[in-house]
Amino acid sequence: MAAAAATRLLRLAPRRLPGPRTCPFAALSLQTTVPPLAATSRWRRFCAAAQASAPPPPPAAATGEAVGEFRRRTRVADVKGGEDEGAAWVGKQLAVRGWVRTCRAQRTVTFVEVNDGSCLSNMQCVLTPDTEGYDQIDSITTGASVLVEGVIASSQGGKQKVELKVSKIIVIGESDPTSFPIQKKRASREFLRTVAHLRPRTNTFGAVARVRNALAYATHKFFQDNGFVWVASPIITASDCEGAGEQFYVTTLISNSAEGGSLVKDIPSTKDGRVDWSQDFFCKPAFLTVSGQLNGETYATALSDIYTFGPTFRAENSNTSRHLAEFWMIEPELAFADLNDDMACASSYLQYVVKYILENCKEDMDFFNTWIEKGIIDRLTDVVEKNFVHLSYSDAIELLVGSKKKFEFPVKWGLDLQSEHERYITEVAFSGRPVIIRDYPKEIKAFYMRQNDDGKTVAAMDLLVPRVGELIGGSQREERLDYLEARLDELNLNKDSYWWYLDLRRYGSVPHAGFGLGFERLVQFATGMDNIRDTIPFPRVPGSTEF
């Protein structure tokens, strides 16, 4: 009790007593004169640490070396990435660290192409028998890592403006040329997925990684520049945002201490044979999240505009080129906003990030335009420059029916649009312009979407782009408590599981809206890659968790 009282006095003393004063711990320790609060911000900590005896003298200064200043290493992109492609570097010393792409030995000279991952271009390194380390030439094989030093010179060949006249080369890590799986000849993307730990060293996947990085940077920049706050939504959750039930369980009931895991009989169960979740780590069923949206809404109703950007998971047993079990989602939430605000934000965001990569990833985008999808730069430029259009779901159905085109999937009011329908609308009906479809039937949309006045549709929207179809899906959220509770009952969802989500409608509810964008689908759209498994470093799909 005495200690608690002393603590309270310590907390109050600076506000009550002007001028010099004694330590509130005087009853417990030696009385100490303390300077005014304005004199030092460490006053409270000094009192808390006051001792009955004088402090010991400081120890002798320890000896050691200061940590060196961090200096960014010069990269190949720094040399060859400018408008002059490196001409300004002629005559300058340079050290390149990277991996050998090719090595061509001629009678008096050897050409080694070195790539450090900073850009698509290699640095052509010219070695002669006088080069220090030339005796290691047999170890300079494809895949080996090297340090090369020399002087930048104008190149005699026509493929590059500059090359490195090598004075010294060191092999850092050797690579067995007989077993290294990535050679100069082209390999299929299916094969490269089996060596996903090495495929970033290819031109294609190096370019994908750099564009993915640029899109992520542009995403943060767009939202930060527009006043949004980034929120880290949880990966483990007890709720199902989409209500589809395609979630991965998170549990400790299946022990991994025994080979092959626990036997079924070892998993605790109730009298009726169900899993006894009360004995699990979280004492209830828990899952990997399919979306950060619901959690994002809690912060939007406090900070106004927020966004989440993180991994999400879906246990959908699909092996198509459009699905992953683990993927990243970008999910902004806007308070005091309706569906029109949501569509405007989604359009502006997409145009911003696409423009960013066109301006900042020119070499990689030229590569995609030449080798992956001819015309991709024109397609992306249209997204940046053309106005987006929007039409209602009902109008979209009428448009598809009136097209007289024979689709694989039926077109009927009340059915969800398939990829073939979405692509027809954006690629054919609107000549490559992005299109937003709005006001979908409520039966095919999630419980949290705001019901329109017609009682049949909800304020939802999908943003469609050429070649991909749906890229963004969003809605105005249902902010009315009675409507939201009725919708949960209608879908037989347990309201107790959403008690905290319903609270947002009880305490200061506001109109709000948001959208979700699958980041890998954005990368696929921006690079022209056919399969979404090639847009993420290590794809997680049914039957495969390699690497």
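Not measured: the values here are computed from a predicted model.

**Student:** What's the story with the packing of helix α5 (residues 203-225) against helix α7 (residues 339-360) in this structure? I'm lost.
**Tutor:** Two packed helices can be described by the angle between their axes and the distance between those axes. With their axes 9 Å apart at the nearest point, α5 and α7 run at an angle of 135 degrees to one another. Between α5 and α7, the angle is such that the two are oblique. Taken as a pair, α5 and α7 cross one another with a handedness that is right-handed. Across the interface between the two elements, Val211, Ala214, Leu215, Tyr217, Ala218, Thr219, Lys221, Phe222, Phe223 and Asp225 of α5 pack against Cys345, Ser348, Tyr349, Tyr352, Val353, Tyr356 and Ile357 of α7. Counted by class, the contact of α5 with α7 contains 13 nonpolar, two polar and two charged residues.

**Student:** How should the side chain of Arg477 be read in this particular structure?
**Tutor:** Mapped onto the fold, Arg477 is located in the loop between β16 (469-476) and α12 (481-490). In this structure the side chain of Arg477 is engaged in a polar contact, spanning 2.7 Å, whose partner is the side chain of Ser475. Ignoring anything within four residues of it in the chain, the contact list for Arg477 reads Gln293, Glu297, Glu333, Tyr448, Arg450, Arg505, His512, Ala513, Gly514 and Phe515.

**Student:** Explain the sheet that holds strand β6 (residues 145-154) to me, please; I cannot follow it from the model alone.
**Tutor:** Strand pairing within a sheet occurs via backbone hydrogen bonds; the two strands may be parallel or antiparallel. Here five strands make up a closed barrel; going around it, the order is β3-β4-β5-β7-β6 and the pairing mixed. Within the sheet, the average angular offset between the axes of one strand and its neighbour, ignoring direction, is 55 degrees. Of the strand pairs in this sheet, strand β3 (residues 93-105) and strand β4 (residues 110-115) are connected by six bridges, and their pairing is antiparallel. By the bridge assignment, Arg104 is partnered in β4 with Phe111.

**Student:** What should I look at first to understand the environment of Gln293 in this one?
**Tutor:** With respect to the helices and strands, the residue Gln293 is situated in helix α6 (residues 293-303). Sequence-wise, Gln293 and Thr308 are 15 residues apart; in three dimensions their C-alpha atoms are separated by 7.9 Å. Of the polar contacts made by the side chain of Gln293, one reaches the side chain of Glu297; its length is 2.8 Å.

**Student:** What am I meant to see in the nonpolar core here?
**Tutor:** Counting 58 residues, the largest nonpolar core has Leu215, Phe223, Leu350, Ile357, Phe368 and Leu522 as the members making the most contacts within it. Apart from the residues lying within four places of it in its own chain, the contact partners of Leu215 are Val353, Ile357, Phe519, Leu522, Val523 and Ala526. In terms of nonpolar packing, the next biggest core, distinct from the first, is built from 29 residues, Ala396, Leu417, Tyr424 and Leu488 among them.

Conventions used here
- Residues numbered from 1 in each chain as written.
- Predicted model: local features only at pLDDT ≥ 70, side-chain atom pairs only at ≥ 80, totals over all residues.
- Heavy atoms only, no water.
- Axes fitted to C-alpha atoms, helices over the stretch in contact; angles between N-to-C directions.
- Helix = DSSP H or I, 4+ residues; strand = E, 2+ residues; numbered from the N terminus.
- Parallel < 35°, antiparallel > 145°, perpendicular 65-115°, else oblique.
- Left-handed = near helix turned anticlockwise from the far one by under 90°.
- Contact = heavy atoms within 4.5 Å.
- Nonpolar A, V, L, I, M, F, W, Y, C, P; charged D, E, K, R; others polar.
- Polar contact = N/O pair within 3.5 Å; in protein donor to acceptor, adjacent residues only side chain to side chain.
- Pairing = 2+ DSSP bridges.
- Core = buried A, V, L, I, M, F, W, Y, C linked by side-chain atoms within 4.5 Å.
- Buried < 20%, exposed > 50% of the residue type's maximum accessible area, 1.4 Å probe, protein only.

It is worth stressing that arrangement in space is one thing and function is another; only the former is reported here.
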